[in-house]
Amino acid sequence: MSVVHQVRPGFTLAESLVALVLSALVVVAVGALELRQGTAAGTALARAAARAQLAAARAALEGELAAVMHGESRLMVVHDTLLELDAHVGMALSCRPAAAGARTLIVTAHGAAGALPTSGWLRAAAPGDSVAVFDPSNGRWESATLVSVATGSCSPGVLAGPGRLLALAAPGTPVPVPEGAPVVVHRHVRWTSYRAADGRWYLGVREQTSGAWASVQPVAGPLDASAGQPRPFALLDDAGVPLAPGAPIALGSRLEVVLDMADAVPADRVPLVVPVRRRP
Amino acid sequence: MRARVGGAMLAVLLLTIVLAAMSAAVAARAIAHAESARARDGADAARATADAGVVDAWQGWDGPERAADSIGTATRVIVSGGASVAEVRIARVSKRLWWIAAEGWAAGGMAARPVSRATGFSVWLSVGAPVPSAAIVGAATVTADSAARILGGPGIPDGWRCPAVPAPNALRLATPALVHAPAGVVVGAVLGPAAPGPDEAALWDAEWAAITARADVVLGADTTVSPAPGLTPATCSTGWGEPSRADSTAPCLRRFVVVHAPRGLTLHGGRGQGLLLVQGTLTLEADARFTGLVVVRGSLRGQGGARVVGAVVLLPDSGAAPTAALADSSSIWASPCAVLGALVGGSLVREVPRQGWFGLW
């Protein structure tokens, strides 16, 4: 009689132990990898958010700084935490003649004059803004104060089309305003780094309308506050050497803005520098 | 055949899906960055081309051409800057104001949707006195011999493009009885003090200081010069401009000089165009030719075939009445076109002070 040994598939105890150990190692490795990836992903997300904030701040600041560079905005104070300027709101051309003392002025709006660009606005005009009108009879800019803005209509001619009616405070336009005279609107604006209710630091802007300062509006953040209050602004001399905070602003000096976002890496830190083209 | 139970295929499939998703995310991010960079480059290129178009229009400012613009008209030029293009328009928006605007486009991001940037530049004629309504204007005594000529207009210098204007007179004087000239010398109307309109001489007198302050050339006392237009584009800025349009490629056609001679001047031959302001005695001789406006605070002497095309304004000098004496085929020919070209072509047209440039969008 022969004895038949039945072969059963299976693992020995030793094999099972080895498999268990190996599986445990794999699980630990995968877990560690996952943890690292999660951390890296979190960092990347935070960095992406910081970069997005930086892009938003740059977009907001670029128009402002371009206006400084073109001489359309006038720097008033440059402190390391504060930038105050007589900021460019916008410009347009007078598109209806106005007599001296007139309380309304009609200027070109977007779409006026067909394909001829005649106006550009960095921000919406608001009551209390300062309105400067060029007087070609004497070569001077004359000032008035804006009371309100409404829609208007330009005279037929090269500037025909939709207009904006600027109502001015008494005594109105100081001089007769011919068609085509440049009209520029300005407003006091302060850019600043400030601490928000969440305890973090942000870049914000305050605007003066109707003689009062509005509350600060956040533009970008949070800023890197590892060394205390962020100091994004600096005035450089013509050799690029930083001047003391609050130093007098001179033609030829340069304004530097550096935004350090929390969670951003040094590679994202690109300073914006513009020359000062208009005497304060 | 042994059946094998395994998860290799599933693992490979999962890995492939994960890798594909990661690759897609990386690619999408790269595309977004590229789009953003392209949009930024496109915006910069559009801005640069628009700015360059305005600068070119201003540097190539053509006085007579712009003087001929009627209010409310615009001329259009297309300029190309490699990957970008700009449309430049020069519009005369009122009597003393022009608006140069350019809108540039360049291929940007978002499936090459064009990016647009616009720039505006305001230009201003800083002199408000009117174009003289006669060849000679002022409270002056005028004498001329039989070979001289004082001609009303409108004179149109050869080859100049001129706006349509009412024909000016020969003389506009405070006292017509002070004209001493044989018949046929003065061709055109002679207006007296009762002529309608403002006192043109007084208005030019009021502009004297502002214009002399902007002079390109200031001469010494009792200087004699034979002005030349400038021989090359590089020397135009030192010359007096080319009034002849016989050669349309001549280098200094767009140069209109503003000359101030505070203590007398003799032009001995030569030619020029623009504004000539002389205090004391201005002597024109030896075929000297000047096209534009001559303002003399004192006396004018023309001889030897000298010729002014434009107008002469005579102002009193230290209370003494001005005089004009023309002889030897010298002539003064009224040309509002020449005066307008001189006013609008020279340094009296300039950028609106403090902020003529505007980045519109």
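Every value quoted in this text rests on a predicted model; they were computed, and no experiment measured them.

1. Some words on the overall build of chain A
The number of helices and strands found in chain A is one helix and 14 strands. C-alpha extents for chain A along the principal axes are approximately 130 × 45 × 35 Å. Within the span of chain A, comprising 280 residues, buried residues form 32% of the whole. Considering only intrachain contacts with a sequence separation of at least 6, the fraction spanning at least 24 residues in chain A is 61%.

2. As for the interface of chain B and chain A
Taken together, the contacts link 28 residues of chain B with 26 residues of chain A. Counting residues per element, the ones that place at least two in the side of chain B that touches chain A are β2 (84–94), β3 (97–107), β4 (114–125) and β22 (357–359) of chain B. Counting residues per element, the side of chain B that touches chain A draws most heavily on β2 of chain B, at five residues. Residue composition of the side of chain B that touches chain A, by class: 14 nonpolar, nine polar and five charged.

3. So, the sheet that holds strand β14 (residues 272–275) of chain A
As a general point, the strands of a sheet are linked pairwise by backbone hydrogen bonds and lie either parallel or antiparallel. Residues and elements named next belong to chain A. The three strands lie next to each other as β12-β13-β14, forming an open sheet whose pairing is antiparallel. Edge strands, defined here as strands with exactly one partner in the open sheet, are β12 (233–236) and β14. Neighbouring strand axes in the sheet, compared pairwise and without regard to direction, differ in orientation by 20 degrees on average.

4. Concerning the environment of V259 of chain B
Residues and elements named next belong to chain B. Structurally, V259 can be placed in strand β14 (residues 257–261). Overall, V259 belongs to the buried group, with 24 C-beta atoms counted inside 10 Å. Excluding residues within four positions of it along the chain, V259 makes contact with A215, V217, L219, G274, L276 and L277.

5. Description of the pairing of β14 of chain B
Residues and elements named next belong to chain B. Among the five residues in β14, five count as buried, and that is most of the element. Along β14, one buried face is formed by V257, V259 and A261 and the opposite face, lined by V258 and H260, is buried too. One ladder, built from two bridges, connects strand β12 (residues 217–218) with β14; its direction is parallel. Across the sheet, residue V218 finds its bridge partner in β14, namely H260. Where β14 lies against strand β16 (residues 271–285), five bridges are found, and the strand directions are parallel. Bridging from a neighbouring strand, A261 pairs with V278 of β16.

6. So, the confidence of the model for chain B
Residue and element names in this part refer to chain B. Residues with a pLDDT of 70 or more make up 96% of chain B, whose mean pLDDT is 89. By mean pLDDT, the top-scoring element of chain B is strand β15 (residues 265–268) (98), and the lowest-scoring one is helix α3 (residues 109–112) (60). The ipTM, which scores confidence in the relative placement of chains, is 0.82 for this predicted complex, and the corresponding pTM is 0.81.

7. Regarding unusual backbone geometry
That bond from G221 of chain A to P222 of chain A is cis: its omega, 0 degrees, falls within 30 degrees of zero. Topologically, P222 of chain A is positioned in the loop between β11 (217–220) and β12. For the bond from G153 of chain B to P154 of chain B, the omega torsion is 5 degrees, close enough to zero to count as cis. Checked against the element boundaries, P154 of chain B lands in the loop between β7 (149–151) and β8 (169–173). Look at D222 of chain B: it is not a glycine, yet its phi comes out positive at around 45 degrees.

8. Thoughts on the nonpolar core
Grouped burial of nonpolar side chains is what soluble globular proteins tend to show. Residue and element names in this part refer to chain B. If you look at the biggest cluster of nonpolar residues, it comprises 150 residues, and the most contacted ones within it are A135, I136 and V312. In terms of residue count, β3 provides more of this core than any other element does, eight residues in total. Once you skip the residues sitting within four places of it in the chain, A135 turns out to touch I150, L151, G152, P168, A170, L171, A311, V312, I332, W333 and A334.

9. Section: helix α5 (residues 336–345) of chain B
Residue and element names in this part refer to chain B. Buried residues dominate α5, accounting for 10 of its 10 residues. Of the residues making up α5, those classed as buried are P336, C337, A338, V339, L340, G341, A342, L343, V344 and G345. Elements in contact with the buried residues of α5: α2 (63–67), β4, β16, β17 (289–302), β18 (307–315) and β21 (349–351).

10. Observations regarding helix α4 (residues 200–213) of chain B
Along an α-helix, residues three or four apart share an orientation, since each turn contains 3.6 residues. Residue and element names in this part refer to chain B. When the terminal C-alpha atoms of α4 are compared, their 20 Å separation across 14 residues agrees well with the 20 Å that a helix rising 1.5 Å per residue should span. Residue E207 marks the point of greatest curvature in α4, where the axis turns by about 45 degrees. What α4 keeps buried is the set E200, A201, W204 and I211. As for α4, its buried residues are in contact with β5 (134–138), β8, β14, β16, β17 and β18.

11. Quick notes on the environment of V165 of chain B
Residues and elements named next belong to chain B. Position of V165 among the secondary structure elements: in the loop between β7 and β8. As for V165 and L360, which are separated by 195 residues in sequence, their C-alpha atoms are 36 Å apart. Other than its neighbours up to four places away in sequence, V165 contacts P154 and P336.

12. Topic: the environment of A27 of chain B
Residues and elements named next belong to chain B. Relative to the elements of secondary structure, A27 occurs in helix α1 (residues 8–59). Given 10 C-beta atoms within 10 Å, A27 falls into the exposed group. When the C-alpha positions of A27 and S331 are compared, they lie 80 Å apart, and in sequence the two are 304 residues distant.

What counts, and at which threshold
- Residues numbered from 1 in each chain as written.
- Chains lettered and ligands numbered in written order.
- Predicted model: local features only at pLDDT ≥ 70, side-chain atom pairs only at ≥ 80, totals over all residues.
- Helix = DSSP H or I, 4+ residues; strand = E, 2+ residues; numbered from the N terminus.
- Buried ≥ 20, exposed ≤ 12 C-beta atoms within 10 Å, placed from the backbone.
- Contact = placed C-beta atoms within 7 Å.
- Nonpolar A, V, L, I, M, F, W, Y, C, P; charged D, E, K, R; others polar.
- Pairing = 2+ DSSP bridges.
- Axes fitted to C-alpha atoms, helices over the stretch in contact; angles between N-to-C directions.
- pLDDT = per-residue confidence, 0-100.
- Core = buried A, V, L, I, M, F, W, Y, C linked by C-beta atoms within 7 Å.
- Expected span 1.5 Å × (residues − 1).
- Bend = angle between axes of the 7 residues up to and from the residue.

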